[in-house]
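Structural overview for review
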Amino acid sequence: MAGYDVIIVGNGPAGLSAALYTSRANLKTLVIGKDQGALAKAERIENYFGMAEPVSGCELVENTKQQAKSLGAALVTDEIFHISWNQGFVLEGREGTYQAVSVLLATGSSRKKADIKGLAELEGRGVSYCAICDAFFFRGRKVAVLGNEEYAVHELGQLLPVAGSAVLLTNGKELLASAPEGVPVITKKITSVNGEEEVAGVTFEDGSSLELDGLFVALGSAGAVDLARKIGALTDGRSIQTDENMATNVPGLYAAGDCTGGLLQISTAVGEGAKAAMSMIKFVRQQKKG
Ligand SMILES: Cc1cc2nc3c(=O)[nH]c(=O)nc-3n(C[C@H](O)[C@H](O)[C@H](O)COP(=O)(O)OP(=O)(O)OC[C@H]3O[C@@H](n4cnc5c(N)ncnc54)[C@H](O)[C@@H]3O)c2cc1C
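These remarks concern the structure in this document. (Residues numbered from 1 in each chain as written. Predicted model: local features only at pLDDT ≥ 70, side-chain atom pairs only at ≥ 80, totals over all residues. Heavy atoms only, no water.)

What follows deals with the overall build of the chain. Counting its regular elements, the chain contains 6 helices and 15 strands. What you see for the chain is a C-alpha radius of gyration of 20 Å, in line with the 19 Å of a compact globule of 290 residues. Expressed along its principal axes, the backbone C-alpha trace of the chain runs to roughly 55 × 50 × 35 Å. Evaluated residue by residue, the chain yields a buried proportion of 50% over its 290 residues. Surface accessibility of the chain: about 14,000 Å² in total, with carbon and sulfur atoms responsible for 48%. (Helix = DSSP H or I, 4+ residues; strand = E, 2+ residues; numbered from the N terminus. Rg over C-alpha atoms; globule rule 2.2 N^0.38 Å. Buried < 20%, exposed > 50% of the residue type's maximum accessible area, 1.4 Å probe, protein only. Areas by Shrake-Rupley, 256 points an atom, 1.4 Å probe, with all protein chains shown as cover.)

In the vicinity of the ligand there are 30 residues, among which Asn11, Asp35, Ile80, Ala222 and Asp258 approach most closely. Note that an oxygen atom of the ligand is positioned 3.1 Å from one of the backbone N or O atoms of alanine 38. Taking isoleucine 266, its main chain carries an N or O atom lying 2.9 Å from an oxygen atom of the ligand. When the ligand sits alone it has 1,000 Å² of accessible area, and the protein chains cover 87% of it. With respect to the pocket detection grid, the ligand is positioned in the largest pocket. (Near = heavy atom within 4 Å. Polar contact = N/O pair within 3.5 Å; in protein donor to acceptor, adjacent residues only side chain to side chain. 1 Å grid on protein atoms, 1.4 Å probe; cavity = no way out; pocket = protein on both sides within 12 Å on 5 of 7 lines; lining within 4 Å. Sits in = over half its atoms within 2 Å of the grid points.)

This part takes up the sheet that holds strand β11 (residues 190–194). If you trace the 3 strands from one edge of the open sheet to the other, you get β11-β12-β13, paired in antiparallel fashion. Each edge of the sheet is formed by a strand with only one pairing partner; in this case those strands are β11 and β13 (209–211). Within the sheet, the average angular offset between the axes of one strand and its neighbour, ignoring direction, is 15°. Both strand β12 (residues 201–204) and β13 contribute to a ladder of 3 bridges, which runs antiparallel. From the neighbouring strand, valine 202 faces β13, where its bridge partner is leucine 210. (Pairing = 2+ DSSP bridges. Axes fitted to C-alpha atoms, helices over the stretch in contact; angles between N-to-C directions.)

For the rest of this paragraph, the subject is the side chain of threonine 248. Among the structural elements, threonine 248 can be located in the loop between α5 (224–230) and β15 (253–255). Owing to a relative accessible area of 10%, threonine 248 belongs among the buried residues under this scheme. A distance of 3.1 Å separates a polar atom in the side chain of threonine 248 from the backbone nitrogen of valine 250. From its side chain, threonine 248 meets the backbone oxygen of leucine 253 in a polar contact 2.8 Å long. Residues contacting threonine 248, with those up to four places away along its chain left out, are Ala233, Ile240, Gln241, Thr242, Leu253, Tyr254 and Ala255. (Contact = heavy atoms within 4.5 Å.)

The geometry of two aromatic rings is summed up by the distance between their centres and the angle between their planes. One pass over the full model with this rule turns up 4 aromatic pairs. Plain terms: the ring middles of tyrosine 254 and phenylalanine 283 are 6.5 Å apart, the flat faces sit at 70° to each other, and that makes the pair edge-to-face. Taken together, the residues span a long stretch of sequence, with tyrosine 254 in strand β15 and phenylalanine 283 in helix α6 (residues 266–289) at a distance of 29 residues. By relative accessible area, tyrosine 254 is classed as buried at 6%. (Phe/Tyr/Trp six-rings, centres within 6.5 Å; stacked < 30°, edge-to-face > 60°.)

Function-wise, these values are silent; they only describe arrangement.
See below:
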């Protein structure tokens, strides 16, 4: 399969730290990041090893990007929406599709969540987090996507050819992407997801309701837990579960940094990134040996 030995999703401390190790081990490495991540807002970092003077988060990330590039890693700006497996990992982004032998999820912690009554209770019973995985179950039926950014539009794109009808629900948020032509957009706040055994619809703040068979959650951009769910990696709903080598339950898939929970600090992310890289190096070399 063409592509990379290693793809790292996330260009924060965890992802970039991993890239330093995989590049120096001569693995063809691609780092994909959509923005600066958590550190964009950190103006003074005083507790990271080796910094006699405070450094800004942006400076730290930019320096490490240069370091990773100079060691041979490729870096691209893109937002990943989906991950699957087809004789190797396949990642779909806004700008393109990427393939790799091994993948590291290092997308930071996801602070977005929709606290809507009934949403968690109906998960797996009409509430889904993966359009590509579950669209088939909603052939000819009424579905909605919950979200207001590109990721939600991507999920709609997967549902439209299959579902009977689809609506975009922004839950009170401004729509930050263009909805596909002909798809109704409802911006009202949702108070509840309704249904006994399965999703039957949603009720809005103004008391009106919308009948639905399925609700696909695609808030913000696809976070680590969303991506993990798409490929069957175990999560506790907020963090990805890994073993002591940063391996998930999916062979070849690793996670590091804030997305694994625990101490949300640069030092932890850098350490986990290094550990994940060592595991990926071993995995890729084993795969290549056949
Ligand atoms: C305001 C603030 C101040 C902080 N100050 C400190 C401090 O002083 N000291 C300290 O140790 N820690 C500090 N932290 C915590 C620290 O920033 C995090 O622990 C650390 O950045 C985690 O690194 P990470 O690589 O796991 O995630 P992040 O740094 O969040 O990086 C995640 C990366 O994933 C990318 N990404 C996310 N989703 C996708 C997607 N779907 N497709 C492609 N890319 C994606 C993002 O673009 C980003 O590059 C601070 C955090 C904040 C918010």
